[in-house]
Amino acid sequence: MAESESGADKSEEPTSKRLEEARKKGQVARSRELNTLAVMLAGSGGLLFYGGQMGAAMADLMRTNFSLPREVLMDDGSMARYLLASGMDALMSLQPLLTLLLIASIVGPIALGGWLFSGEAMMPKFSRMDPLAGLKRMFSTKALVELLKALAKFTVILLVALAVLKSDQKDLLAIANEPVEQAILHSLVIVGKSLLWLACGLILITAVDVPFQLWDSKQKLMMTKQEVRDEYRDSEGKPEVKSKIRQMQRQMAEQRMMQKVPEADVVITNPTHFAVALKYDPANGQAPQLLAKGGDFMALKIREIAQEHKVTLLESPALARAVFYSTEIDQEIPAGLYLAVAQVLAYVYQLKQFRSGKGKRPVPLKDLPIPPDLRRDE
């Protein structure tokens, strides 16, 4: 188990914030062995697939440059033009191989750790010039692993190279007796196969190095319990700050709620402890909706706003408590209260008709039908 500089055990998994900060600093898992393997596989594949084409192009180029006419040889300007043209032709003939190597050199690093560009990682760090820190790195576990990897690579490459040389001994000796063009093509094939076998020899080392790099990168990011607590406190903020934020959010929500009270069809009261404002829009075909609710001082404010905007106030303690406890702001009332609220809305409609001189005074509501599971006592 890793330890921090203070001696505490780093037993906690790195948090998402710790991982994000590490990426910004360029601290991600990387494997040089994986990069080398990718480049060698791309190089050997390119030689095997495009070796013949490149060999033929280079042979034509050599043939052209070794058969220049005399006037060209005597003209300095012509020689410069021929040199430039030959360089461009050579570059074009090598383009497929160079393109594969470029792609491999990009894919290899991002295959482990992903694409990352960190300006902070490019900044100079004078702490790396500390000789004591350098000695510590030289005798660290990672330095020992790197030494073992280097010895393993040397051994594997040596054994594979000896095996390849032994298997291709006849072909290598036969090249001396072949025509120049055939010898060039034959050499490219042998080099491609040899590189492929050497790359295959690195697969075993890469298979060991990649898990180690992932483990080592994770170990460096492990956290102590105190670091986790400190990060949580920093990210969440101090308790008094959080309390102030919640208070402001609550005040803003209450302000928005109060702005909706004038839109209500009716405000049902307790009469003093609770107040709920309901609105019903028959056009949308939905159930009545709760626009605002509150208790004590908030209930008083709802009643005052309702009276100011001439919203009907109806005293029904049981229904007010049922709506208050069962429904949230901007939600529809539960199905169990449909009938009771429908009677209230009908009463409000009849009362408005009476006040406008178009009907009789409605009979006051009594014993509204409220299901037992929605009833709430004081």
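Predicted, not measured: the structure shown is a model, and the values here were computed from it.

### Some points on the confidence of the model for the chain
In this model, the chain carries a mean pLDDT of 78, and residues with pLDDT of at least 70 account for 86%. At the level of individual helices and strands, the chain shows its lowest average pLDDT in helix H5 (residues 119–122), which scores 55, and its highest in strand E2 (residues 274–279), which scores 87.

### Examining the pattern of salt bridges
Two side chains of opposite charge can pair, provided their charged atoms sit close to one another. Counted under the stated rule, the structure contains two salt bridges. For Lys260, the salt bridge goes to Asp330, with nearest N and O atoms at 2.7 Å. With a gap of 70 residues between them, Lys260 in helix H11 (residues 239–260) and Asp330 in the loop between helix H13 (317–326) and helix H14 (338–355) connect regions that are remote in the sequence. The partly exposed category is assigned to Lys260, whose relative accessible area is 26%.

### Let's talk about the packing of aromatic side chains
A complete count under the given rule lists four aromatic pairs for this structure. For the pair Phe274 and Phe324, a centre-to-centre distance of 4.6 Å together with 50° between the ring planes defines the contact as tilted. Taken together, the residues span a long stretch of sequence, with Phe274 in strand E2 and Phe324 in helix H13 at a distance of 50 residues. Both residues of the pair, Phe274 and Phe324, belong to the buried class. Look at Phe274 and Tyr325: their rings are 5.7 Å apart centre to centre, the planes differ by 65°, and that puts the pair in the edge-to-face class. With a gap of 51 residues between them, Phe274 in strand E2 and Tyr325 in helix H13 connect regions that are remote in the sequence. According to the relative accessible area criterion, Phe274 is buried, its value standing at 10%. Residue classification places Tyr325 among the partly exposed residues on the basis of a relative accessible area of 39%. Cluster of aromatic residues (ring-pair linked, three or more members): Phe274, Phe324 and Tyr325. We note Lys293 situated over the ring of Phe324; from NZ or CZ to the ring centre the distance is 5.0 Å.

### Some thoughts on the UniProt feature "transmembrane region" (unreviewed entry) in the chain
When the UniProt feature table is mapped onto this chain numbering, "transmembrane region" (unreviewed entry) sits at residues 34–52, 97–122, 143–165 and 195–215. The straight-line gap between the two end C-alpha atoms of residues 34–52 is 28 Å; of that span, 100% is helix and 0% is strand. Within residues 195–215, the helical portion is 100% and the strand portion 0%, while the C-alpha atoms at the span's ends are 30 Å from each other.

### Observations concerning the nonpolar core
Core analysis: the biggest nonpolar cluster contains 24 residues, and Val266, Ile268, Leu278, Leu319, Leu337 and Val344 have the highest contact counts within it. Secondary-structure elements contributing two or more residues to this core are strand E1 (266–269), E2, H13 and H14. At seven residues, the largest contribution of residues to this core is made by H14. Non-local contacts of Leu319, meaning those with residues more than four positions away in its chain, are made with Ile268, Leu337, Ala340, Val341, Val344, Leu368 and Ile370.

### With respect to the pairing of strand E4 (residues 312–315)
Of the two faces of E4, only the one carrying Thr312 and Leu314 is buried; Leu313 and Glu315 on the other face are not. Bridge count between E1 and E4: four bridges; the pairing is parallel. For Val266, the partnering residue across the bridge sits in E4 and is Thr312.

Reading guide: rules and limits
Residues numbered from 1 in each chain as written. Predicted model: local features only at pLDDT ≥ 70, side-chain atom pairs only at ≥ 80, totals over all residues. Heavy atoms only, no water. pLDDT = per-residue confidence, 0-100. Helix = DSSP H or I, 4+ residues; strand = E, 2+ residues; numbered from the N terminus. Salt bridge = Lys/Arg side-chain N within 4 Å of Asp/Glu carboxyl O. Buried < 20%, exposed > 50% of the residue type's maximum accessible area, 1.4 Å probe, protein only. Phe/Tyr/Trp six-rings, centres within 6.5 Å; stacked < 30°, edge-to-face > 60°. Lys NZ or Arg CZ within 6 Å of the ring centre and 35° of its normal. UniProt positions renumbered as here; feature names shortened; annotations may be inferred. Core = buried A, V, L, I, M, F, W, Y, C linked by side-chain atoms within 4.5 Å. Contact = heavy atoms within 4.5 Å. Pairing = 2+ DSSP bridges.

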